[in-house]
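Listed below are the residues making up each chain.
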Amino acid sequence: RAVAMSVSHSSRLNKLVREQYMKLPQDGLVQVTYVWIDGSGEGVRCKSRTLDKEPKSIEDVPEWNFDGSSTAQAEGSNSDMFLVPVRMFRDPFCLDPNKLVLCEVLKYNRKPAETNLRHTCKKVMDLVKDSHPWFGMEQEYTLLGINGHPYGWPDNGFPGPQGPYYCGVGADKVYGRDIVESHYKACLYAGVKICGTNAEVMPSQWEFQVGPCEGIEMGDHLWMARFILHRVCEDFGVVATLDPKPMTGNWNGAGCHTNYSTEEMRREGGLKHIEAAIEKLSKRHDYHICVYDPRGGRDNSRRLTGHHETSNIFEFSAGVANRGASIRIPRQVGQDGYGYFEDRRPAANCDPYAVTEAIMRTTVLNETGVETKDYADH
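Since this is a predicted model, take the numbers as computed values, not measurements. (Residues numbered from 1 in each chain as written. Predicted model: local features only at pLDDT ≥ 70, side-chain atom pairs only at ≥ 80, totals over all residues. Heavy atoms only, no water.)

Undergrad: Please explain the overall build of the protein as it appears in this structure.
TA: Scanning the protein from terminus to terminus reveals eleven helices and 13 strands. Relative to a compact globule of 378 residues, whose C-alpha radius of gyration would be 21 Å, the protein shows 21 Å and is just as compact. Across the protein, the fraction of contacts at a sequence separation of at least 24, relative to all contacts at a separation of at least 6, is 67%. Surface accessibility of the protein: about 17,600 Å² in total, with carbon and sulfur atoms responsible for 51%. Across the protein, 44 positive and 51 negative side-chain charges occur, with their mean positions spaced 1 Å apart. (Helix = DSSP H or I, 4+ residues; strand = E, 2+ residues; numbered from the N terminus. Rg over C-alpha atoms; globule rule 2.2 N^0.38 Å. Contact = heavy atoms within 4.5 Å. Areas by Shrake-Rupley, 256 points an atom, 1.4 Å probe, with all protein chains shown as cover. Lys, Arg positive; Asp, Glu negative; His and termini not counted. Charge placed at Lys NZ, Arg CZ, Asp CG, Glu CD.)

Undergrad: Please explain the domain arrangement of the protein as it appears in this structure.
TA: Frequently, the measure chosen for interface size is the accessible area that the parts lose on association. According to the domain assignment, the protein consists of domain 1 (9-115) and domain 2 (125-364). Summarising the inter-unit geometry, the C-alpha centres of domain 1 and domain 2 are found 26 Å apart. At the interface, 21 residues of domain 1 touch 25 residues of domain 2. Carbon and sulfur atoms supply 66% of the area buried between domain 1 and domain 2, which totals about 2,000 Å² over both sides. (Domains from an automatic or database assignment. Buried area = accessible area lost by both parts, 1.4 Å probe.)

Undergrad: Hey, could you run me through unusual backbone geometry in this one?
TA: Trans peptide bonds make up the majority, and among non-glycine residues the majority have a negative phi. With an omega dihedral of 5°, the bond running from aspartate 96 to proline 97 counts as a cis peptide bond. For proline 97, the position within the fold is in the loop between β4 (80-90) and β5 (99-106). In this chain, glycine 211 is followed by proline 212 through a cis amide linkage whose omega measures -5°. With phi around 80°, serine 204 is a residue other than glycine that occupies positive phi space.

Undergrad: Looking at this model, I keep getting lost on the side chain of threonine 71. Mind explaining?
TA: With respect to the secondary-structure elements, threonine 71 resides in the loop between β3 (64-67) and β4. Classification of threonine 71 as buried rests on a relative accessible area of 5%. In contact with threonine 71, other than residues within four places in its own chain, are Trp36, Asp38, Gly39, Arg45 and Phe66. (Buried < 20%, exposed > 50% of the residue type's maximum accessible area, 1.4 Å probe, protein only.)

Undergrad: Explain the pattern of salt bridges to me, please; I cannot follow it from the model alone.
TA: For side chains of opposite charge, pairing can occur when their charged atoms come near one another. The full count for this structure, using the stated rule, is 25 salt bridges. One salt bridge connects aspartate 38 with arginine 45, and the closest N-O pair in it is separated by 2.9 Å. The class for aspartate 38 is buried, based on a relative accessible area of 5%. Where arginine 87 meets aspartate 220, a salt bridge forms, and the shortest distance between an N and an O atom there is 2.7 Å. Here arginine 87, found in strand β4, pairs with aspartate 220, found in helix α5 (residues 217-236); they are 133 residues apart in sequence, far enough to count as distant. A relative accessible area of 22% means that arginine 87 is categorised as partly exposed. What makes aspartate 220 buried here is its relative accessible area of 0%. (Salt bridge = Lys/Arg side-chain N within 4 Å of Asp/Glu carboxyl O.)

Undergrad: Hey, could you run me through the sheet that holds β4 in this one?
TA: Hydrogen bonding along the main chain pairs the strands of a sheet, whether they run parallel or antiparallel. Ordered by their spatial adjacency, five strands build an open sheet running β2-β1-β5-β4-β3, and the pairing between neighbours is mixed. Because the sheet does not close on itself, it has two edges, and the strands there are β2 (44-51) and β3. Along the sheet, successive strands turn relative to each other by an average axial angle of 40°, direction set aside. Where β4 and β5 come together, eight bridges link them in antiparallel fashion. (Pairing = 2+ DSSP bridges. Axes fitted to C-alpha atoms, helices over the stretch in contact; angles between N-to-C directions.)

Undergrad: What am I meant to see in the environment of leucine 117 here?
TA: Mapping leucine 117 onto the fold places it in the loop between β5 and α3 (118-127). Sequence separation between leucine 117 and alanine 354 is 237 residues, and the spatial gap between their C-alpha atoms is 6.3 Å.

Undergrad: Honestly, the pairing of strand β1 (residues 30-37) in this entry has me stumped. Any pointers?
TA: It is a general feature of regular strands that their side chains alternate between the two faces of the sheet. For β1, the buried fraction is high: seven of the eight residues fall into the buried class. Examined bridge by bridge, β1 and β2 share eight bridges and lie antiparallel to one another. Across the sheet, the residue bridging to valine 32 is arginine 49, located in β2. Two successive antiparallel strands, β1 and β2, enclose a turn made up of six residues, where glycine 41 displays a positive phi of approximately 80°.

Undergrad: Explain the packing of aromatic side chains here, please?
TA: Pairs of aromatic rings are described using the distance from one ring centre to the other and the angle between the two planes. Going through the model one piece at a time under the given rule, you end up with eight aromatic pairs. Aromatic side chains tyrosine 141 and phenylalanine 208 sit 6.0 Å apart centroid to centroid with 50° between the ring planes, which places their arrangement in the tilted category. On the criterion of sequence distance, the pair formed by tyrosine 141 in strand β6 (residues 134-144) and phenylalanine 208 in strand β8 (residues 205-214) is long-range, its members being 67 residues apart. Each member of the pair, tyrosine 141 as well as phenylalanine 208, carries the same accessibility label: buried. Members of the aromatic cluster, joined through ring pairs, are Phe135, Tyr260 and Phe341. For arginine 110, the ring lying beneath its charged end belongs to phenylalanine 82, and the centroid distance is 4.6 Å. The side chain of arginine 266 reaches across the aromatic face of tryptophan 134, ending 3.7 Å from its centre. (Phe/Tyr/Trp six-rings, centres within 6.5 Å; stacked < 30°, edge-to-face > 60°. Lys NZ or Arg CZ within 6 Å of the ring centre and 35° of its normal.)

Structure representation (structure tokens):
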């Protein structure tokens, strides 16, 4: 009964009744769900409209608008904001031919909204496209009951200490696998470049990986994977939090480790390029910490303590196979002499556009200090 009480009321609605309606034909009409990032920089919103035929490309999806005063993005007296479609996916909830469409948000004057970090990221990615940057991001998250307590944890206490849960199997070690597997399948159906998943060190904590993605594609695919996660959790009546440290005490936090390489790093002898990039990152640690969570490093300060497989937020470090370092070079990469490296500093609630843009500014565009350069439209 206690477990039943921790799921939402809407999740207990009869899904067989819903299924009856979902099977009805659409007579050539298509539902398109527009998805965007709200004024928090962390939350996603969505709304749907009908198109009279299936869009074959993003250019076939019209711009739309919404009330920005209800998403902390505009004043009530001037609240209309533009939704500009940027990437289209198949809809795993309403199925083909219906679509999910990720959008950029523009203000009334067609300037990007404050939390539209894709706009400058795209500009930077266009500038560095000849280096062919590949990214893979590892999104950790924690499942909570509707009461805010980690899903499956005892109501008035804690599970046993960390140890048996990471990549665990068994009802006493793993909570919520149904949600994880549903999310995985939904992402594959949608066309999101999800490449894996596993149970994490803290019970009720999970991770999925997206990539490899080139340039702006990384942020687009991770944001849509997050939207799908929240939407799947809604069906199951639980909550997925991206809080970097959802439980205080002797429990692992949640990050979004970012794997990165350029074409020259992936070639024979690429290790010297990896080491050169890490050297540049070492001189710009404060700037990166500021953009690696939505609150200028305050969220990450709860997680990057130097304990629980993290580096210390105040110090930059790098090492081969070292999960307590800011930057980890995988052992295989050290042996092969080429490949990629992992930036372990981004928080679970980071904006992937901000993270990937910052890495490119520092390692390819050779920016230094805490100020960023404003590049003209490419």
